[in-house]
Structure formats: C-alpha cells, structure tokens
Amino acid sequence: MYLRRSNLFPAYEFRAFYDQQDIKISVYAREHFQTESTFYKNDRKLKKELDDHDYYLIAGVNQDPEFISRLRLFQFYYTTFTGIEKPLPQLNLISDELCARLEGLFPGELNPTQVVKLETLLKVWILRQQNHRFIQSELLDDNLRDRTYQTVYETLQDGLKDRLHIDTAEADYIFSFLLTQGFLGLNDVQYVEHNFPTATTISKKFVEMVLAKEVLTERTDIHSTDLYNQLLSVNLQFTTFYVEPTTFISPEQVTFFRDLYPTFDLIIRDFLGALKHMISFDLSERMIVNLYFSYMFCLINSIPTTSMKDRVFICVDFSEGQLYTNYVIKSLKAFNHAHIVIQKKHNG
C-alpha cells in the first residue's frame, strides 16, 4: 500500500521500463495522477535518492551497467511483492506461458520460490529489452552453448514470437541465471570444473584449508562427503550470476553460529580473508556475510559430528525419569551437527 501511494514509484518504473520508448511524460504523469511538473520534481528527487544510496554500484564479477540495473530491479520486485501479489501484472500472461514452456526442460517440478524468481526475472528481462536496454557483453564461452543452451534459446524465442528477438548476450543472461540458480539441475562436477575455473579453484582451496586446519579425524575421507559439490554450487553462483539475498546478510546473525560452531567459524573466517587475493573483483560487506553463511551451511550439512576431532560429550540422565530424559535428548539432537555427542552413561 505504501509503495502504491509513493510519489516516487511512478518515476522509478518510468526510468526502468519506459524512458526510451515513445511515451509522453505528460500522458504518463496524468495516468498516475500527477501533473507533469510534479512528475519531473519527483524524478529529480528519485535520482538523488538512487545516487545517495549507490544504487548503480555493486560488488561482483559482472560490472555490465545493464546487468546491474536488472539485478537491482529483480531484487526490488522480488523482495517487495513475494507472498503478496505478482509484480508487473501487465506481463502475467507472457511470463506464465514462458515459465510453462521452460519448466518442460527442467529435471523436476519447481518449488514456489523458484517459480516466483523465474517469473520476476523474465518480466524484468522483457521490459528492459522493450525499453531498448540490452546486455552489452556475452557472459558465456562458446563451449557452454551446448544442446541444453540451444533448447532454452529456442524455447524462449518461440514463446516470445514477434515480441522480441533474442541475441546471444540476452540468451547468455537467461541461461546463466537458470544454470547458477539450480533450475537446470546440473550436478555434473566435471562440467562445472571444465567451464568455470574460478568457482572450481575457490572450492578446492576451501577444501584444502579444511584439511590444513586438521580439525577432522584421521579416519575421515573428506572426498566422500558432499562438501566439495556444495561449495562448487555456492561458488558458481558467487562468480557467475550472484543474486544478493535478503536474508543471512546481517553481521549480527553471525554470533549465533560462531558460538555454536567455533571450529567451522575459524575455518571460514580465515578463508574469507584469503579469498580477497583469489578473485579479481571487490567484495561488499553483505557478500562477505552471505558467503560466511553459505560456507557455514555447506560444512554443517556435509561434515558429520563423528568426523570432528573436537566434540562435546553430554550425558543426559534426569532423576525425574526416562520421560524427561528422552525429551531433553530429543531437543539436543536438533543440534546434532554442533560437535555434540549425546550419551546416556558417563564414560569418564
């Protein structure tokens, strides 16, 4: 409601989707219940707000101005409208049709958040091109434009028909999103290693650091865990099509995991310090925090308690009886990855 009533919102959408089209500002302003002079004043105010907040500056590997603009628009519409209504409803029909066509190419059924992300990205993608704003640089190497790529390209072009003509740079944009965000279900490690050397190097260096810290038992075979594969997925997104998340970006949230997983915290902090020397682009504070959580979840999900040298042994034996003892054990098992080993007898 606040967004709809905002005097700056019409100016924001005009700048994003209509300023390069043959649309008279006087007509657009009147359609949004503003005079032309008021619209210009709001547009100047909006420009100042965007500049003051470094709206068009991001840390990341892709510094294409159009890529940045689309990323900001995607983040804005996704975070604002998700769970309430579909944004940009004038494109509902075409986005629904494109999503239905693309879903036939995916290995499994999309979950609700994936559907919303894909619809939102496609709408921004279409509107920006209709406004004559195009991606200027190709994102992928020729060897990545395989049969799957061509199928995606043909599906999009057939669905858009005469509405838009998709060039290679725009096809790369969509395919990169689908690939890095897990829509294509790509689990071929060799494929990623061959085509994305930076993500591969970062992932291998992380595993090397885990081994160098000597936090695992001698019996642990780290290559038998899923750690490397999970890291590869995280780093593929991070170095190719990074969509800044809206959760797990606050430094205050780190404290909980630092206290609960001190060994993992030490590894991640040291690695993030070294990461700055492995990549050719700057890291924002939010990116660092989000990477912290991503790496933390990789470790938690892949390294079992039995593989850790440092473990906390807890003997649970309540005098009130087995009913209470079992309840406490069940509660503690919620933290079964936090180096906690639950026992019913004290082993000295």
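Look up a bit, the structure's there.
An account of the accompanying structure is given in this report.

What counts and what doesn't
- Position numbers for residues start from 1 in each chain and track the written sequence from start to end.
- In view of the model being predicted, local features appear only for residues whose pLDDT reaches at least 70, and side-chain atom pairs are presented and counted only at 80 or more, with totals across whole chains, interfaces and linings using the full set of residues.
- The side-chain values count all of the structure's non-hydrogen atoms but skip hydrogen atoms and water molecules.
- Only residues above 30% relative accessible area that lack a salt bridge enter a patch, with like-charged residues linked at up to 9 Å and the nonpolar side chains Val, Leu, Ile, Met, Phe, Trp and Tyr linked at up to 5 Å.
- All accessible areas in this document rest on Shrake-Rupley with a 1.4 Å probe, and a residue is counted as covered only by the protein chains that are shown.
- Any Lys or Arg side-chain nitrogen located within 4 Å of an Asp or Glu carboxyl oxygen qualifies as a salt bridge.
- Helix numbers and strand numbers start at the N terminus; a helix is a DSSP run of H or I with at least 4 residues, a strand a run of E with at least 2.
- Here's how the labels work: a residue is buried when its accessible area is under 20% of the maximum for its type, exposed when over 50%, partly exposed in between, all with a 1.4 Å probe on protein chains only.
- Lining residues are those with an atom within 4 Å of a point, where the points come from a 1 Å grid over the protein atoms alone and group into cavities, where a 1.4 Å probe fits but cannot get out, or pockets, open sets with protein on both sides within 12 Å along at least five of seven lines.
- Grid points are joined across faces, edges and corners, and a volume is the space filled by probe spheres set on the points.
- Throughout, the ten residues Ala, Val, Leu, Ile, Met, Phe, Trp, Tyr, Cys and Pro are labelled nonpolar, Asp, Glu, Lys and Arg are labelled charged, and all others, Gly among them, are labelled polar.
- The set of buried Ala, Val, Leu, Ile, Met, Phe, Trp, Tyr and Cys residues whose side-chain atoms join them within 4.5 Å is what this entry labels a nonpolar core.
- Residue contacts are counted whenever heavy atoms from the two residues lie within 4.5 Å of one another.
- Every axis corresponds to a line fitted to the C-alpha atoms, with the helix fit spanning only the stretch in contact, and the corresponding angles, defined between N-to-C directions, vary from 0 to 180 degrees.
- Working definition: roughly parallel below 35 degrees, roughly antiparallel above 145 degrees, roughly perpendicular at 65 to 115 degrees, and oblique for all remaining angles.
- Here is the rule for handedness: rotate from the far helix to the near one, and if that takes an anticlockwise turn smaller than a right angle the crossing is left-handed, while a clockwise turn gives right-handed.
- Here the expected length of a helix is defined as 1.5 Å per residue gap, with one fewer gap than residues.

## Some points on a nonpolar patch on the surface
Point 1. Together, Phe318, Leu323 and Tyr324 give the surface a local cluster of nonpolar side chains, amounting to about 360 Å² of exposed area.
Point 2. Here Phe318 is to be found in the loop between β1 (312–315) and α16 (322–332).
Point 3. On the accessibility criterion, Phe318 (40% relative accessible area) is partly exposed.

## A short note on the pattern of salt bridges
Point 1. If you walk through the whole model with that rule in mind, you get 21 salt bridges.
Point 2. In this structure, Lys48 and Asp52 form a salt bridge, with 2.8 Å as the shortest nitrogen-oxygen distance. Of this pair, Lys48 and Asp52 both sit in helix α4 (residues 36–52), separated by four residues, roughly a single helical turn.
Point 3. Taking relative accessible area as the criterion, Lys48 reaches 52% and is therefore assigned exposed.
Point 4. Given the relative accessible area of 48%, Asp52 is considered partly exposed.
Point 5. One salt bridge connects Arg269 with Asp265, and the closest N-O pair in it is separated by 3.0 Å. With Arg269 and Asp265 both in helix α14 (residues 262–275) and four residues apart, the pair spans about one turn of that helix.
Point 6. Judged by relative accessible area, Asp265 falls into the buried class, the value being 7%.
Point 7. Three or more residues are tied together by salt bridges with common partners; here these are Glu66, Arg70, Arg128 and Glu170.

## Topic: the layout of surface pockets
Summary: where empty space remains is shown by rolling a probe the size of a single water molecule over the atoms.
Point 1. A volume near 740 Å³ is recorded for the largest pocket.
Point 2. Lys117, Gln181, Gln237, Val243 and Pro245 are, among the 28 residues lining the largest pocket, the residues nearest its centre.
Point 3. Looking at the lining of the largest pocket, the elements with two or more residues in it are α5 (65–81), α7 (112–130), α12 (227–240) and α15 (285–302).
Point 4. Take the lining of the largest pocket: its biggest share by element is six residues, from α15.
Point 5. Looking at the lining of the largest pocket residue by residue, the classes come out as 12 nonpolar, 14 polar and two charged.
Point 6. Volume-wise, the second largest pocket comes out at about 610 Å³.
Point 7. Tallying contributions element by element places α5 first for the lining of the second largest pocket, with six residues.
Point 8. Grouping the amino acids of the lining of the second largest pocket by side-chain chemistry returns 19 nonpolar, eight polar and three charged.

## A look at empty space enclosed by the protein
Point 1. Going through the model one piece at a time under the given rule, you end up with one cavity of 30 Å³ or more.
Point 2. In this structure, the largest cavity spans a volume of roughly 30 Å³.
Point 3. The wall of the largest cavity is formed by Phe67, Arg70, Leu71, Phe74, Leu121, Tyr173, Phe241 and Val243.
Point 4. In terms of residue count, the dominant contributor to the lining of the largest cavity is α5 (four residues).
Point 5. Taken together, the residues that form the lining of the largest cavity break down as seven nonpolar, no polar and one charged.

## Overview of the nonpolar core
Point 1. Residues Leu118, Phe238, Leu275 and Tyr295 are the most contacted members of the largest nonpolar core, which totals 102 residues.
Point 2. At 10 residues, the largest contribution of residues to this core is made by α15.
Point 3. In contact with Leu118, not counting residues within four places along its chain, are Cys99, Leu102, Phe106, Leu110, Phe177, Leu178 and Phe183.

## Let's talk about the packing of α5 against α7
Point 1. Viewed as axis vectors pointing N to C, α5 and α7 meet at an angle of 135°, and their least axial separation amounts to 10 Å. On the basis of their axis angle, the class for α5 and α7 is oblique. Handedness of the α5/α7 crossing: right-handed. Judged by residue contacts, Glu66, Ser69, Arg70, Leu73, Phe74, Tyr77 and Tyr78 of α5 engage Thr113, Val116, Lys117, Thr120, Leu121, Val124, Trp125, Arg128 and Gln129 from α7.
Point 2. Here the residues of the contact of α5 with α7 sort into eight nonpolar, four polar and four charged.

## Overview of the packing of α7 against helix α9 (residues 168–180)
Point 1. Close contact between α7 and α9 brings their axes to 12 Å; oriented N to C, the two are set at 165°. The orientation of α7 with respect to α9, classified from their angle, is roughly antiparallel. Note on packing geometry: the crossing formed by α7 with α9 is right-handed. In this structure, α7 uses Lys117, Leu118, Leu121, Leu122, Trp125 and Gln129 to contact α9, whose residues at the interface are Glu170, Tyr173, Ile174, Phe177 and Leu178.

## Observations concerning α4
Point 1. For α4, with 17 residues, the first-to-last C-alpha span of 24 Å sits near the 24 Å given by 1.5 Å per residue.
Point 2. Buried positions along α4 lie against α2 (9–17) and α3 (25–31).
Point 3. Positive phi appears at Asp54, one or two residues downstream of α4, with a value of about 50°.

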